[in-house]
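Each chain is listed here by its residues.
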Amino acid sequence: MNVLLLGSGGREHALAWKLAASPLLTKLYCAPGNGGIADVAECVPLAVADHTAVIRFCKDNAIDLVVVGPEAPLVAGIVDDLTTAGIKCFGPIQAAAALEGSKGFTKDLCREFDIPTAAYGRFTDAASAKAYLAGQKLPIVIKADGLAAGKGVTIAQTLAEAEAAIDDCFAGVFGKAGSEVVVEEFLEGEEASFFALVDGKHALALAAAQDHKRVGDGDTGPNTGGMGAYSPAPVMTDEMITRTMREIIEPTVAAMQKRGMPFKGVLFAGLMITADGPKLIEYNVRFGDPETQVLMLRLKSDLLPALLAAADGVLANFDLRWHDDAALTVVMAANGYPASPEVGTEIKGLDAASAVEGVQIFHAGTRKDGDRLLAHGGRVLNVTARGKTVGEAQARAYDAISHIDWPGGFYRHDIGWRAIAREKEGV
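Residues numbered from 1 in each chain as written. Predicted model: local features only at pLDDT ≥ 70, side-chain atom pairs only at ≥ 80, totals over all residues. Heavy atoms only, no water.

1. So, the sheet that holds strand E8 (residues 153–156)
Reasoning step 1: What the four strands build is an open sheet, ordered E6-E9-E7-E8; its pairing is antiparallel. Two strands in the sheet have a free side with no partner beyond their single neighbour: strand E6 (120–123) and E8. Strand-to-strand, the axes of this sheet are offset by a mean angle of 15°, without reference to chain direction.
Reasoning step 2: Against the sheet, helix H6 (residues 103–112) contacts E6, strand E7 (140–144), E8 and strand E9 (181–185), and its axis sits at roughly 135° relative to E6.
Reasoning step 3: The strands touched by helix H7 (residues 126–133) within the sheet are E6, E7 and E9, with E6 carrying the most contacts at an inclination of about 165°. (Pairing = 2+ DSSP bridges. Helix = DSSP H or I, 4+ residues; strand = E, 2+ residues; numbered from the N terminus. Axes fitted to C-alpha atoms, helices over the stretch in contact; angles between N-to-C directions. Contact = heavy atoms within 4.5 Å.)

If you want it as structure tokens, here you go:
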């Protein structure tokens, strides 16, 4: 099979690495790709937003399957356009991608179909949103409705902070994403990322993970796209996975079918595990970044047939096998991230780092300049390792990082701390 993967980050490098190992694969292309993806796929300079150009490339190169990495092309309807052109895709149609493209859409779906989530209100003007605040408890969560690259969420500790966040949204700080606002209850508990492949009718649970959103050690500083992740997530016990499938994922799949917009692709549920059980914080309609990096390291089965089964609607009798080992990834980011990352700095030592047992390095934002490897983004490398425990995987990842010579970058030193504390306590 000829496969085209769309995207250029660490998530796409992990997917490309896994797809490249498939015996079903003839040729793997990635558009636009990055300096690391080029080692496992042919990178092509296609503008992903130019659907006509993507369709032309698929026809010229006899592409059998397109795998869409990031959310923006899904929300822009690339799957609809490719499907109309007769090209098979892994990912949801535009209407179904509203599960990520509009937080209000998802909240209303949860209310209609009794899917557990935080109490909320939806508003199209600042005055109404602020009036709603008056009767709510603090802290409270303010969210821009649309896609804001992970930056449109404020956990407000004070009324003034909540009102300022509402003003920011309607003042256009997040562009069109903030033209509508969701104000919701703050949930207490432990967060987890849960993934399921969906074929329109059936859902197949994947492994769970936990990520670290704050930029600094000890979960301090501003939120980011994610500074590290690990899998499995100890909080996601067998019972919690069963409940998540029964109470959240399966009702969502049925609801989308009922609404005439069946969901195909991967559902990424951001969960809060509360005293009452799992509650949905939000949906993403694509693989997580950096969670994909740890999932791909733990996935024993071939990924390609699983993506095909989802696209073809035949997941009902499908199963996947996973390594019992844990996996952990540490994001190395460019100095200045997330505000204004410094690009163009040289990175050395990756060969020595990759030689550490159990380590795989995924590139999130790099480019090659002759023989030199340069930083070309905010999150630049994902140093990923497998081990018998999260602690062993963590030790291997940080050992690998010690071999990387990159003064222009930084990383957190405590990825996996929660799981490792549990391991030490024998929980």
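From this point, the discussion proceeds with the structure in view.
2. Describing empty space enclosed by the protein
Reasoning step 1: Counted according to the given criterion, the structure contains one cavity of 30 Å³ or more.
Reasoning step 2: Computed from the structure, the largest cavity encloses a volume of approximately 40 Å³.
Reasoning step 3: Forming the walls of the largest cavity are Val68, Gly69, Leu74, Phe90, Gly91, Pro92, Val266, Val285, Arg286 and Phe287.
Reasoning step 4: Class assignment of the residues belonging to the lining of the largest cavity gives a composition of seven nonpolar, two polar and one charged. (1 Å grid on protein atoms, 1.4 Å probe; cavity = no way out; pocket = protein on both sides within 12 Å on 5 of 7 lines; lining within 4 Å. Points joined across faces, edges and corners; volume = space filled by probe spheres on them. Nonpolar A, V, L, I, M, F, W, Y, C, P; charged D, E, K, R; others polar.)

3. Quick word on helix H11 (residues 303–312)
Reasoning step 1: Counted residue by residue, H11 has eight buried out of ten residues, so it is predominantly covered.
Reasoning step 2: Within H11, burial applies to Leu303, Leu304, Ala306, Leu307, Leu308, Ala309, Ala310 and Ala311.
Reasoning step 3: A side-chain oxygen of the first residue of H11 lies 3.2 Å from the backbone nitrogen of Leu304; this N-cap is Asp302. (Buried < 20%, exposed > 50% of the residue type's maximum accessible area, 1.4 Å probe, protein only. Polar contact = N/O pair within 3.5 Å; in protein donor to acceptor, adjacent residues only side chain to side chain.)

4. Examining the sheet that holds strand E20 (residues 366–369)
Reasoning step 1: The three strands are arranged E18-E21-E20 in an open sheet whose pairing can be described as antiparallel. At either margin of the open sheet sits one strand with a lone partner, and together these are strand E18 (346–347) and E20.
Reasoning step 2: Summarising the sheet, E18 and strand E21 (residues 372–375) pair through two bridges and their orientation is antiparallel. Bridge pairing in E21 places Ile347 opposite Leu373.

5. Examining the side chain of Thr384
Reasoning step 1: Mapping Thr384 onto the fold places it in strand E22 (residues 379–387).
Reasoning step 2: By relative accessible area, which is 0% here, Thr384 ends up buried.
Reasoning step 3: Here the side chain of Thr384 touches Thr329 through a polar contact of 2.8 Å, side chain to side chain.

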